[in-house]
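Each chain, written out:
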Amino acid sequence: MTVSEFKTHLQSVDQLVFQQPNGQVVPLHFHITEMGLTTKHFVDCGGTTRTEAHASLQIWVAEDYDHRLSPDKLIGIIDMATPLLQAQNPEVEIEYQTDTIGRYALDFKQGKFVLMPKQTDCLAKEKCGISMEALPLAVNTSDCAPGSGCC
């Protein structure tokens, strides 16, 4: 979900509900402690230089049980951070603390914002000898033998 899609969904709800991948709801007294543009500039295992950017929002839960963030207030936070997005409309990524800081994509279902698990991936499958037909099955480790040029 992009930032503009997120804002559109925020305008359609009366209260903010974020649902974790396990079905549990993030406690309703959560805070949004930061929003910004997270940029990752990297080289994949095939040698291609890439850049990714996400609008990152951090959800934090404290012990102030009476706190409730309204959809309008969250739109205001997004609007304050808009200059940081550098005229981009990136995908939203949610940071939320469970056992460790998790990073989630965002979906909207039945009036709730759903934290969607993100997956790692090889971005140079053709250079690693990974056939598309074999996915999402486990990768044959013999395809990534030492010296094969694979990641």
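Below: a short report on this structure. Quick caveat, the model's predicted, so the values are computed rather than measured. (Residues numbered from 1 in each chain as written. Predicted model: local features only at pLDDT ≥ 70, side-chain atom pairs only at ≥ 80, totals over all residues. Heavy atoms only, no water.)

1. Focus on the overall build of the chain
How we decide: What counts as a helix is a DSSP run of H or I of at least four residues, what counts as a strand is a run of E of at least two, and both are numbered from the N terminus. Exposed residues in this analysis have more than 50% of their type's maximum accessible area, buried residues have under 20%, and partly exposed residues fall in between, with area computed by a 1.4 Å probe over protein chains only. Contacts between residues were defined by any pair of non-hydrogen atoms, one from each residue, lying within 4.5 Å.
Looking only at helices and strands, the chain has three helices and six strands in total. The helix and strand sequence of the chain, counted from the amino end, reads α-β-β-β-α-β-β-β-α. Counting over 151 residues, the chain shows a buried share of 35%. Here the contacts in the chain between residues at least 6 apart in sequence split such that 61% fall between residues at least 24 apart.

2. Structural notes on the environment of L69
Inspection of the secondary structure puts L69 in the loop between β3 (49-61) and α2 (71-81). Accessibility expressed as a relative area gives 10% for L69, which makes it buried.

3. Examining the pattern of salt bridges
Put simply, the rule reads: Any carboxyl oxygen of Asp or Glu within 4 Å of a side-chain nitrogen of Lys or Arg constitutes a salt bridge here.
Counted according to the given criterion, the structure contains six salt bridges. Put simply, R50 and D44 hold a salt bridge, and the shortest N to O gap is 2.7 Å. Among the residues examined, D44 registers a relative accessible area of 8% and is labelled buried. Taking the shortest distance from any N to any O, the salt bridge between D107 and K109 comes out at 3.8 Å. Within the structure, one salt-bridge network assembled from shared partners comprises E93, R103 and K118.

4. Digging into the packing of helix α1 (residues 3-10) against α2
Which entries qualify depends on this criterion: Note on geometry: axes are C-alpha line fits, over the in-contact stretch for helices, and angles between N-to-C directions span 0 to 180 degrees. We call two directions roughly parallel when the angle between them is under 35 degrees, roughly antiparallel when it is over 145, roughly perpendicular when it lies between 65 and 115, and oblique otherwise. Left-handed is the label given to a crossing in which the near helix is rotated counterclockwise from the far helix by less than a right angle, and right-handed is the label when the rotation is clockwise. All amino acids are sorted into three groups, where Ala, Val, Leu, Ile, Met, Phe, Trp, Tyr, Cys and Pro are nonpolar, Asp, Glu, Lys and Arg are charged, and the leftover types, Gly among them, are polar.
Contact geometry for α1 and α2: axes closest at 9 Å, N-to-C directions at 155 degrees. In terms of orientation, α1 and α2 fall into the roughly antiparallel class. Between α1 and α2 lies a crossing of left-handed hand. Seen from α1, the contacting residues are V3, F6, K7 and L10; seen from α2, they are P71, L74, I75, I78 and D79. When the residues that make up the contact of α1 with α2 are grouped by side-chain class, the tally is seven nonpolar, no polar and two charged.

5. Description of the environment of F6
Tracing the chain through its elements places F6 in helix α1. Judged by relative accessible area, F6 falls into the buried class, the value being 1%. The spatial distance from the C-alpha of F6 to the C-alpha of D107 is 8.8 Å, given a sequence separation of 101 residues. Ignoring anything within four residues of it in the chain, the contact list for F6 reads M1, F18, L57, L74, I78, V92, L106 and F113.

6. Focus: α1
Operational definition: Taking the helix axis as origin, the arc is that swept by the directions to the C-beta atoms.
Every buried residue of α1 is accounted for by V3, F6 and L10. Axial view of α1: buried residues confined to an arc of 60 degrees, hence all on one face. At its buried positions, α1 is contacted by β1 (18-19), β3, α2, β4 (91-97), β5 (101-109) and β6 (112-117).

7. Some points on the nonpolar core
Nonpolar side chains in soluble globular proteins tend to be buried together. Defined as follows: Among buried residues, the Ala, Val, Leu, Ile, Met, Phe, Trp, Tyr and Cys ones that are joined through side-chain atoms within 4.5 Å form a nonpolar core.
Residues F6, F18, L74, L106 and F113 are the most contacted members of the largest nonpolar core, which totals 28 residues. Secondary-structure elements contributing two or more residues to this core are α1, β2 (30-43), β3, α2, β4, β5 and β6. Top element by residues in this core is α2. It accounts for five residues.

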